[in-house]
Amino acid sequence: MSEPLLTLTGAATSYGQSQVLWDIDMAVPAGGAVALIGRNGVGKTTLLKTIIGAQRLTAGRMTFQGRDVSALGPHQRARAGIGYVPQGRHIFPHLTVRENLETGLSALAGRGGGAMKAGVPDHIFDLFPKLAQIINRKGGVLSGGEQQQLAIGRALAGQPSLLLLDEPTEGIQPSVVQQIEDALRRIRADLGVTVLIVEQYLDFAWSFADSYRVMQRGRIIRAGSTREETAAEVAHLVNI
Amino acid sequence: MGEWPLIAGQIFNGFSVASLYVLAALGLALSFGLMRVINMAHGEMLMLGGYLAYLTLQVVPGPLGILAAMPVAFLGAAAVGAVLETTLIKRLSARPLDTLLATWGVSLILQQAARNIFGAIGVDVRAPQWLNHAYTVQSGLLEGLTIPATRLFILAVAFAVMGALSLLLARTRIGLLVRAVNQDRGMAAAAGINVRAVDLSVFCLGTGIAGLAGVVLALLGPVTPNVGQSYVVPAFLVVVLGGLGSLKGTAIASLIVGLFSALVQILVDVSLAQVLLLLFVIGFIQFRPQGVVAVRSRALDA
Amino acid sequence: WAADTVKVGVLQSLTGTMAISEVTVKNAEILAIEEINASGGVLGKKIEPVVEDGASDPAIFAQKATKLVQDGGVVTVFGGWTSASRKAMLPVFQKLKSLLWYPVQFEGNECSPNIMYSGAQPNQQILPALTWAVEKGYKSYFLIGSDYVFPRTANLILKKHIDADKLKVAGEEYVPLGGTDFSAVIAKVQAAKPDIIFSTLNGDSNVSFFKQMAAAGLPSAKLPVMSFSIGEQEAVAMGPSLVEGSYAAWNYFQSLDGAANKKFVAAYQAKFGAGAAVTDPMVHGYVDVYAWKAAVEKAGSFDPEKVRAAAVALDYLDTAMGKVKFAANQSLVQTGYIGQLDPTGQFKIIWQSKGTIDPDPYDPLVFPGKKCPAS
Amino acid sequence: MDMSMRKETPLSGGLAGVTLGRPMALTLPVVVLAALAPWLVSAYELNLLARFLAMALLAMGLVLVWGQGGVLSLGQGVFFGLGGYAIAMHMKLAALADGDLPDFMVWSGLDALPWWWVPFKSPLVAILGVVLVPGALAALFSWAVFRRRVGGVYFALITQALALAFATLLISQQPSTGGFNGLTDFQTVMGLELGTPAAAHGLYWLTLALVVGVFVALRALMASRYGLLLRAIRDGENRIRFLGYDPTPFKVVAFTIGAVLAGLAGALFTLHAGVVSPALVGVVPSIEMVIWVAVGGRNSLAGAIAGTLAVNLAKDGVSSAFPDLWLYALGLVFVLVVTLLPGGLAGLVADAGATGWGKRLKTLIIGEAK
Amino acid sequence: MSAQATASHIGTTAPASNLLLAMDGVTVDFDGFKALNGFSLTLDRGTLRVLIGPNGAGKSTLCDTIIGRVRATSGRVIFKDQDITHLPEHEIVRRGICRKFQTPGVLPGLSVVDNLMIAAKRDRRWWSSFRHGVAAEEKARVADILETIGLADRAAAPAGQLAHGEKQWLEIGMVVATRADLLLLDEPTAGMGPAETSQTATLIRRLVGQHTVLVIDHDMSFLEQLDARVTVMHQGQFLKEGSVAAIRADADVAAVYLGRAKENTHHV
Ligand SMILES: Nc1ncnc2c1ncn2[C@@H]1O[C@H](COP(=O)(O)OP(=O)(O)OP(=O)(O)O)[C@@H](O)[C@H]1O
Ligand SMILES: Nc1ncnc2c1ncn2[C@@H]1O[C@H](COP(=O)(O)OP(=O)(O)OP(=O)(O)O)[C@@H](O)[C@H]1O
Ligand SMILES: [Mg+2]
Ligand SMILES: [Mg+2]
């Protein structure tokens, strides 16, 4: 594989006085999909927040597309091409579905072209037809599944090259879970987006990602390939 | 002249007072509604507008001075707003009660600065001749009703500002970004929105409007270091009545307050009218606690 | 050094809403003290002024008065502006047996042995204005005031006298202190069509009032206004052109003739700037210091009790405001003037009372039978 | 003084969120020293101290209302004023012969005592009034607003309007309130001749005793379940509702206690100052009251007392000598305390206590920390 | 995990009739959109019921309506034979209903243990909060729950600092601590891993009997472990009811909810 899209070297962060991440080394290859797994509270969300820039690095550095982005703020990283689907979805409650999607266009700022003017790309509605049906409803009143689709759609509106997904199937009905999983596969395949996904359920993680990282107490304790190891071999690390 | 012209006159005065409140309260509603910032120094932005009008009139005397003063005051107050935002407000984001206290301190400082710069006794800003006349109904039921041109002018300015602002917020992406930032800052940033820039522009817009309002208020009132204080409490009452930062709500609430006090004043004096207004607001809350215009949400702590 | 000095208190609001006015009085009082010091002091001692801030709050006035007299060792205090501040200080001076010199016109109804009232009593400012208006032939009066003690009492007195003169009170309206909205009041004025407005509006409200009157097509040229709180300083601040032609009643105008006034204005402007306006309360504050000096010298003592007795026994003093002296009721015998504002912010004196007017704290028409114990 | 804390189970972190004042060991000497003040300072300084201690009662009330309850009141001046007027009305009437009217009523043209003045002839009614009138108004007002779930900033702004309306009303109803002048010139209270050293000392000790008593009582209250729930409501009012609690009475009680303390403070202040007037009740004084607490620390009772004393002493010292400077300083204090020192002086002390030298200093003064 | 201890402390009164809750033709209309549409449901005392349905079917709205956060446009909610449709929220809770929210609703500024103490307090009227001391029984229960939810070592930490999953546990603990007769658990396992999920299932099964429990979740394997009667909602209306196995086999349910026939287990 060529130059990695994202690298973290010796990354650490903390909430106030309490350190949460230690010495994270990670490289996400362009076009790849990495699954981040681990028990509750080990720091998975925090790691994603650190990558998008919502948490500051207290040590180490981060590069994206070969550029050191450690000092950039979240909106600059979003504009550089990192899309973020947070845990808990964080839909703008008083904006309509369309407006929520349009906020995602902000990440296109400075990337030239008429993309921003052109509006929300159609392929988002191909991926999530439901969004087209509820396009004028307020984000705050949507059900959990609707919000999750919207959150992914919003991230895609910024045409990211790296998509960060934090437990995207949490609280989603089974048939929609399948839709979302299918959509994510298409996002990888058709749009060529690199994905870093936090996922508690290993069989989806294994069927979707090429490699995995196991986190424990704020550190990455194991990295490997989902093609060379089975989920069962790794499961004991997660279920302690 | 009988009862009718008096009542009709008071209805007009209600609108006129409402237009003053709209102008004084719009900036507040913006920064409160969109940024959760209670700007107690808002009154001093009005004051600043008055002083900038004074300075402009020194440079551009004559009939059009007042028109020239409006953009000057807008920009001047917006610039002060920018300084305030970058040095103070941004440290207090999402702590509305603390912004209230801190900006009160700012208001004390600005008042004292005005005293030291312009003197304690205020300066002279006059309506130009083309505004200094009144239309009087000469016959009919409303005979004797007088409509001052200045007040008509202020009504027009209030409408223009409201219109421009709602267009700006509804028709451009700015409105969208502003609302997104207000609802979830962290997510807005992660979606690629430059939240600092949005904050700054909203706050400057709010103070700028206050500056412009200050010019207009100077046509009917004094320009002194503490002039802002006399407008800021009623303006806040309008914001409370209007509902969370809704422009429409602010306009309607201004009208309610304006008409209420104008009509009540037919019967009681102004001091009592003020007390009745407060009772009215508390009464209003009893059946419409969200204010005139409500925003519904499912969030647990909405 | 201390043996050669005597301390006096100067207690005015240096902060808060009243500071605008009171600072100028403080300046005048300090000017008088400096002049006296320059010419040898009092009873061979230099006067050392102790300045305190009343902060526009009566409770602070009382606090600072106590501080000055009890801890600061001053022999007398010059100060106060609002009646509220005077009323709050009164018990302090009575308890501590000291003496306050109060320089501002007020509503009367008070005489304390521990206060020298040099500002006008109602019969020395309000009633002369009425006398003038009656002479001019005005029949219908509209009374407008800020909603507090002085306007309410002044209008109470005015109403009785207007009634007694068989003239008409066309209306009476009050706005809160600092109020800026006169739309309703003006509507009522327009409905009532009076000949003249008597205004006891205070401070910034005047600006709003005149601007909104002009906007409604009623400039002073059309409907005359007689004000009791607009002096030279306020006129300049409001823009003289706005109030040009309106009237004011005082016991002093900067434009008054006389060598003493020329000298005072020159001295004040030399110290505080060529354009500085000089007003009635300032002169009263200034005169108070000189009257105290004269009384001390007459008594040969700084003891407040002796000074008080000497002060009311003084003969006429020749001052910037003409001949004045303290009556037995401790208020000042002085002349009433009516001025009309010219475009420069000065008043043209158009009328003056026939000789000096004896102060009358209790209007006989309104408060029959009430008298100061001292007189 | 911290008995109530010791009784707390180790399970309940009942005091979490309360910045503790100095412990007992330091409090006692301070109280003793304060009690000896009549012999240590001049009569004027004692009067000053007495006033500021009276104000500290109000400040402690704000700790409960604002610090613990998260309810910012910009209308404390109203309750302060009500307490002050209640006692002042009594003193006015007590100084009169039967059938006479207070002077201002006479020259405002009143010929009979307004009905609501009459009960205040009785000293008992006056004392009850000091507590009950502000308490009742606060309870009614806050209940009307809180029950409709209007809170936070809205509540603060409505209380500010309340302060404006109350001051305006007081001033405009001159014949029965004394208007802008307020009420002054008191002679005796409950048979005590005001102005004598005995009265001054007695009133000072009364104030001090109340400050100590309220300090102890509020501290126990904050450590109780009630205090915990109040803080919980501050954190998430709706969540509390879905745990089966009605937040309204909790907030109403806090606000009412705050108002009662403000009323007490106003009454004592009036006794010490010899005057009560609208200048003490409006928008500006009300917000200044908040700054005392902000400076001291909004979650600390001791901080509130310290903040009140500090701000008012500074005002007494600075404003006369440098009037312009004072306003800049006051403004700057607002800005700096809120932005850089949200915990106020108390927070600063606590921080210092947490770091090395501070800890050493603390052990030096109060012995080993528990 | 020691859920027995917890369960043994949860006392309820002897049932008068077996019916605990009845929703009777409840409709909730949001400006024309009917989130619940004439929905009826009954729950017997001491039973466990699972509610599933597509996203947006109205499950959370149903809980909202029972607890008083959303008001029924028409229809009634009967609890213990009394109409609670229009009672204030806290009144409803005091009658014995408690709910876990879909997004965890803990009190962020309070410590974990204080969160639980508040939930555990028996007498929730304001004046009783002045009473001194904490009942030994409440204390013991909180200690137990703290163990059960695995947060004993974080007891003093502010709840706002917990990770998402930890907050879920805390909120479950709070709901249990109230000893309400009816517990509404809206997606209790969202954000939990497989191990925690089965722990939750065990806990819930232990609660049944003492409590009536309504569980909403999308995780079929979790529902399988619960092994309870399942009600399926669709578009605000009742769709099906039956055992887990029956529901899984149902074609209608597959069409609107489960999707492409095969079940959804990500389980290891
Ligand atoms: N805002 C915060 N302040 C302090 N500590 C926090 C904060 N947010 C999270 N933590 C702590 O950081 C640690 C990691 O949290 P994080 O949310 O990253 O975990 P996670 O792996 O995403 O867990 P989950 O699977 O439950 O979502 C936890 O111990 C949590 O208590
Ligand atoms: N306040 C509201 N105003 C308008 N529509 C609303 C409101 N609250 C909910 N809705 C709508 O009602 C429907 C039902 O929502 P609800 O949250 O009850 O679904 P749910 O079954 O809990 O879904 P999920 O499984 O995704 O949590 C949704 O389509 C939602 O958009
Ligand atoms: Mg997480
Ligand atoms: Mg739901």
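Rules behind the numbers
Residues numbered from 1 in each chain as written. Chains lettered and ligands numbered in written order. Predicted model: local features only at pLDDT ≥ 70, side-chain atom pairs only at ≥ 80, totals over all residues. Heavy atoms only, no water. pLDDT = per-residue confidence, 0-100. Helix = DSSP H or I, 4+ residues; strand = E, 2+ residues; numbered from the N terminus. Expected span 1.5 Å × (residues − 1). Buried < 20%, exposed > 50% of the residue type's maximum accessible area, 1.4 Å probe, protein only. Pairing = 2+ DSSP bridges. Axes fitted to C-alpha atoms, helices over the stretch in contact; angles between N-to-C directions. Contact = heavy atoms within 4.5 Å. Near = heavy atom within 4 Å. Polar contact = N/O pair within 3.5 Å; in protein donor to acceptor, adjacent residues only side chain to side chain. Donors = N, O, S within 2.8 Å, 3.2 Å for Na, K, Ca; no water.

Q: What's the story with the confidence of the model for chain C in this structure? I'm lost.
A: The predicted structure's coordinates, where accompanied by low pLDDT, should not be read in detail. Confidence in the prediction for chain C averages 92 pLDDT; 99% of positions are at 70 or higher. Across the interface, the model reports ipTM at 0.88; the global pTM reads 0.89.

Q: Is there a simple way to think about helix α2 (residues 42–59) of chain B in this case?
A: Along an α-helix, a turn takes 3.6 residues, which lines up residues three or four apart on a common side. Between its first and last C-alpha atoms α2 of chain B spans 26 Å; for 18 residues at 1.5 Å apiece the expected length is 26 Å, and the two agree. Most of α2 of chain B is tucked away, with 13 of its 18 residues classed as buried.

Q: Just checking my understanding: could you explain the sheet that holds strand β14 (residues 337–341) of chain C for this structure?
A: Where strands meet in a sheet, backbone hydrogen bonds hold them as pairs that are either parallel or antiparallel. Residue and element names in this part refer to chain C. Strand order in the open sheet made by the seven strands is β7-β6-β8-β9-β10-β14-β15, with mixed pairing throughout. The open sheet is flanked by β7 (168–175) and β15 (347–352), the only strands paired with a single partner. Put simply, the sheet's adjacent strands are angled 25° from each other on average, direction ignored. Two elements, strand β9 (residues 225–227) and strand β10 (residues 247–250), share two bridges in a ladder whose sense is parallel. Within β10, the residue paired with M226 across the bridge is Y247.

Q: For this particular structure, what's the right way to read the sheet that holds strand β8 (residues 194–198) of chain A?
A: All names here are of chain A. Read from one edge to the other, the open sheet built from six strands follows the order β6-β7-β8-β3-β9-β10, with strand pairing classed as mixed. Unpaired on one side and paired on the other, β6 (82–85) and β10 (219–225) mark the two borders of the sheet. Pairs of neighbouring strands in the sheet enclose a mean axial angle of 15°, with direction left out of account. In the packing of helix α7 (residues 144–157) onto the sheet, the strands contacted are β6 and β7 (162–166), and the crossing angle to β6 comes to about 170°. Across the sheet, helix α10 (residues 231–238) lies against β3 (33–37), β9 (211–216) and β10, angled at about 20° from β9, the strand it touches most.

Q: For this particular structure, what's the right way to read the site of ligand 1?
A: Lining the immediate surroundings of ligand 1 are 20 residues, of which G41, T45 and T46 of chain A together with Q161 and G165 of chain E lie closest. Per-site note: the chains with residues close to ligand 1 are chains A and E. Taking Q200 of chain A, its side chain carries an N or O atom lying 3.4 Å from an oxygen atom of ligand 1. In the model, an oxygen atom of ligand 1 is placed 3.4 Å from a nitrogen or oxygen of the E166 of chain E side chain.

Q: Looking at this structure, I do not really get the coordination of the magnesium ion (ligand 3). What am I missing?
A: Residues and elements named next belong to chain A. Every protein donor of the magnesium ion (ligand 3) is accounted for by T45 (OG1) and Q87 (OE1), and the metal-donor separations fall at 1.8 to 2.1 Å. With T45 in helix α1 (residues 44–52) and Q87 in the loop between β6 and α3 (97–104), the pair connects residues that are 42 residues apart, well separated along the chain. Take Q87: its relative accessible area is 13%, and that puts it in the buried class.

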